[in-house]
Amino acid sequence: MASKKMLIAIFVSLLLSFASCQELRSQSERRRSIRAEECRFSSRRSQPTERILSEGGVMEFWDEMEQQFRCAGVAAMRTVIQPRSLALPSYQSSPRLVYIVQGEGLMGISFPGCPETYSAISPRREGEWWRREEHLEQEAEGRFVRDVHQKVHRFRQGDLIAIPAGAVHWCYNDRDVDVIAVAVHDLNNQANQLDQSLRLFFLAGGAPLTALTGQTRRIREQDNFQNILNAFDPELIAEAFGVPTETVQKLQVQDGRGFIVRAETMRMLRPEGEEEEEYEIIEGEEEIYRRRRGYDYEGAEAYRRRRMEGGEEAYWRRRGIRRGGCNENTLEETASNGLEEAICTMKVRHNMNTRTEADVYSRHGGRLNIVNEYKLPLLRFLGMSAEKGHLFPNALYAPHWEMNSHSIVYCTRGEARVQVVGSRGQLVMDEMVREGDLVVIPQYFASASRAGRDGFEFVSFKTTSLPMKSSLAGQTSILRSFPLEVVMHSYLISRTEAHHLKQIRGQQQQTYLLSPLVRRRFS
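Topic: the overall build of the chain
In terms of helices and strands, the chain carries 12 helices and 26 strands. Per-residue burial for the chain yields a buried fraction of 45% across its 523 residues. Long-range pairs, those at least 24 residues apart, make up 75% of the contacts in the chain with a sequence separation of at least 6. Approximately 28,900 Å² of the chain is accessible, and the part contributed by carbon and sulfur atoms is 52%.

Section: the environment of His390
Relative to the helices and strands, His390 resides in strand β19 (residues 385–391). Separated by 68 residues in sequence, His390 and Phe458 place their C-alpha atoms 6.7 Å apart. The residues contacting His390, other than those within four sequence positions of it, are Gly365, Gly366, Arg367, Arg413, Phe456 and Glu457.

Here we look at empty space enclosed by the protein
Overall, the coordinates contain 5 cavities of 30 Å³ or more when judged by the stated rule. Approximately 340 Å³ is the volume attributed to the largest cavity. Secondary-structure elements contributing two or more residues to the lining of the largest cavity are β3 (74–81), β4 (85–92), β5 (96–102), β10 (159–163), β11 (168–173), β12 (179–186) and β13 (200–202). Here the lining of the largest cavity is composed, by residue class, of 21 nonpolar, 3 polar and 1 charged. If you add up the space inside the second largest cavity, you get close to 190 Å³.

Remarks on the environment of Thr412
Within the secondary structure, Thr412 sits in strand β21 (residues 407–421). Here Thr412 falls in the buried class, since its relative accessible area comes to 12%. C-alpha of Thr412 to C-alpha of Lys388: the two residues are 24 residues apart in sequence and 9.7 Å apart in space. In this structure, Thr412 is in contact with Tyr99, Lys388, Glu435, Glu457, Phe458 and Val459, ignoring residues within four places of it in sequence.

Quick word on the pairing of strand β18 (residues 366–371)
Burial analysis of β18 places 5 of its 6 residues in the buried class, which makes it a mostly covered element. For β18 and β19, the ladder comprises 6 bridges, and the chain directions are antiparallel. Across the sheet, Gly366 pairs through a bridge with Leu391, a residue of β19.

Quick notes on the pattern of salt bridges
Applying the stated criterion to the full structure yields 21 salt bridges. The partner of Asp359 in a salt bridge is Lys375, with the nearest N and O atoms 2.8 Å apart. Of the two residues, Asp359 is situated in the loop between β16 (349–351) and β17 (360–362) and Lys375 in the loop between β18 and α10 (379–382); the sequence distance between them amounts to 16 residues. Overall, the relative accessible area of 24% leaves Lys375 in the partly exposed class.

What to know about a nonpolar patch on the surface
A contiguous nonpolar surface patch, about 270 Å² in accessible area, is contributed by Leu472, Ile478, Phe482 and Val486. Considering the arrangement of structural elements, one finds Leu472 in the loop between β25 (469–471) and α11 (484–491).

Focus: the nonpolar core
Formed by 56 residues in total, the largest nonpolar core has its most connected members in Met59, Phe61, Leu97, Ile109, Ile161, Leu438 and Phe461. Among residues more than four places away in sequence, those in contact with Leu438 are Arg44, Arg45, Ser46, Trp62, Phe69, Ala76, Ile408, Val409 and Tyr410. Counting residues in hydrophobic clusters, the runner-up holds 22 residues, among them Ala395, Tyr397, Val428 and Ile441.

Here we look at the side chain of His400
Mapping His400 onto the fold places it in strand β20 (residues 396–402). With a relative accessible area of 7%, His400 lands in the buried category. Within polar-contact distance, the side chain of His400 engages the backbone oxygen of Ala398 at 2.8 Å. With residues up to four places along the chain from it excluded, the contact list for His400 reads Phe445, Ala446, Ser447, Lys469, Ser470 and Ser471.

Regarding the state of the cysteines
Evaluation of the coordinates by the stated rule reveals 1 disulfide. Two residues, Cys114 and Cys344, share a disulfide whose sulfurs are 1.9 Å apart. Its S-S torsion of about -90° marks the bond between Cys114 and Cys344 as left-handed, since a negative value means left-handed. Taken as a pair, Cys114 in the loop between β6 (105–110) and β7 (118–123) and Cys344 in the loop between α9 (331–334) and β16 lie far apart in primary sequence, 230 residues in all. Accessibility classification places Cys114 together with Cys344 in one group, the buried group.

With respect to the side chain of Ser471
Inspection of the secondary structure assignment puts Ser471 in strand β25. A polar contact of 2.6 Å, which involves the side chain of Ser471, links it to the backbone oxygen of Ala473. Aside from chain neighbours lying at most four places away, what touches Ser471 is Ala398, Pro399, His400, Thr476, Ser477, Ile478 and Tyr512.

Some remarks on unusual backbone geometry
Backbone geometry at Arg84 places phi at a positive 55°, although glycine is not the residue there. For Arg84, a relative accessible area of 25% gives the class partly exposed. Backbone geometry at Tyr444 places phi at a positive 75°, although glycine is not the residue there. Mapping Tyr444 onto the fold places it in the loop between β23 (438–441) and β24 (446–462). Judged by relative accessible area, Tyr444 falls into the exposed class, the value being 53%.

Some remarks on the packing of aromatic side chains
As enumerated under the stated definition, the model contains 5 aromatic pairs in all. Ring centres 6.2 Å apart and planes at 90° place the aromatic pair Trp62 and Tyr410 in the edge-to-face group. Of the two residues, Trp62 is situated in the loop between β2 (57–61) and α2 (67–72) and Tyr410 in strand β21; the sequence distance between them amounts to 348 residues. Residue classification places Trp62 among the buried positions, given a relative accessible area of 2%. The rings of Tyr397, Phe456 and Phe458 are connected pair by pair, giving a single aromatic cluster. Against the face of Tyr512 rests Lys469, its NZ or CZ located 5.1 Å from the ring centre.

Rules behind the numbers
Residues numbered from 1 in each chain as written. Predicted model: local features only at pLDDT ≥ 70, side-chain atom pairs only at ≥ 80, totals over all residues. Heavy atoms only, no water. Helix = DSSP H or I, 4+ residues; strand = E, 2+ residues; numbered from the N terminus. Buried < 20%, exposed > 50% of the residue type's maximum accessible area, 1.4 Å probe, protein only. Contact = heavy atoms within 4.5 Å. Areas by Shrake-Rupley, 256 points an atom, 1.4 Å probe, with all protein chains shown as cover. 1 Å grid on protein atoms, 1.4 Å probe; cavity = no way out; pocket = protein on both sides within 12 Å on 5 of 7 lines; lining within 4 Å. Points joined across faces, edges and corners; volume = space filled by probe spheres on them. Nonpolar A, V, L, I, M, F, W, Y, C, P; charged D, E, K, R; others polar. Pairing = 2+ DSSP bridges. Salt bridge = Lys/Arg side-chain N within 4 Å of Asp/Glu carboxyl O. Patch = residues over 30% accessible without salt bridge, like charges linked within 9 Å, V, L, I, M, F, W, Y side chains within 5 Å. Core = buried A, V, L, I, M, F, W, Y, C linked by side-chain atoms within 4.5 Å. Polar contact = N/O pair within 3.5 Å; in protein donor to acceptor, adjacent residues only side chain to side chain. Disulfide = S-S within 2.5 Å. Phe/Tyr/Trp six-rings, centres within 6.5 Å; stacked < 30°, edge-to-face > 60°. Lys NZ or Arg CZ within 6 Å of the ring centre and 35° of its normal.

Written out as structure tokens, the structure reads:
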């Protein structure tokens, strides 16, 4: 009897397993069918079609329902942050790569589980300031509070910033020029287990009073971004944070400022300068700071002696910074848990405008800066990378195709004629691409570009952390790997023509970026 029940149980388990496998197979076939249908398209340059205006800037979105975006499984947006404005904390459901087209500022990316390694004392009342010698006494009186937070990064023009899915980030423009940033989201990434739609989750702010504007209007869930705290019960949130309900109601208020708000004065602890200066400039000590920078060596020496009064540890205590040591009181605070030495301390940005770091350079053609998982290890977790290109006037980006990724190309300056050819040998794109335009070039589709009279600068986002490409022309041309007889019989050309086809550009020691070639007759 027991054996009969066991056989029935095994039979039912096998039946359920078979049904589950069939369902998974049918889902996979439906996905392949949908993706195949989505990739029947013609590339074209495009501009953002939707805009969300906020108090301190604007967010612009490309139409992710276009065939070229659906095929590549990506979404793109452009953000403009006005001076002294803050892009409110948010996270997204897919990895994001950001390129800073213009401006500089401060940003933070919060990684769950990572320690707050920045610590400082700040005034409890707005506008109140202090001197270092008075820190301990005034803190004891309750006039100051200790603030701890994760690392604050300074970004500048040309930076590529990697933001993992689910990581909360914010951005502040502390300069006098607008910050312009272009971002690409990989919706097909395995980190996104939702549908292929751009989903942004804001921890503050709300839909602005100004209506969403653009060339097209589509009714969809993303058109009505909201603060995710709004939907929670105030009593529940108050208990979770341990604060009064009145405070929570302020978190949930809809003031119509949008998602980029004005913030005229913001103070936070951060290193300054190219080499991360050790001190901050505080009110009443600007002259001492300037002296320390080399304007007055005698004053700098006096400042050093003042700093050492009471000992090194007392100085750091006045600064409000915890100094780790190997004693009983600080060992627990400074002991490593291993996590911050890996994910928590990874670089999140890499500048792509550095000429000396060019991976491909041609004296008359231009240069390419490639940022992959070796230059920015965090990209390995995102499965994305990028390439910054600068073509000189009339230079040619040789015909090539991407072997393991899609390319999302954004023009930052100049113009170029871009051609893209599909698998059926048809020309799917032949247009002039200008500043602000965005083009999607699918995997394996061959493309070539010729810069205009003013050159052509672009950034190309890749959907893999280690991109590979194959070129048709230049020193790395795939034709150079063929025997001469193969080239002759493939194209029905003479031996001399085949030799020229293989060797002319190769002898000039040029790879992907080719200088303008003066046409001449070969005999």
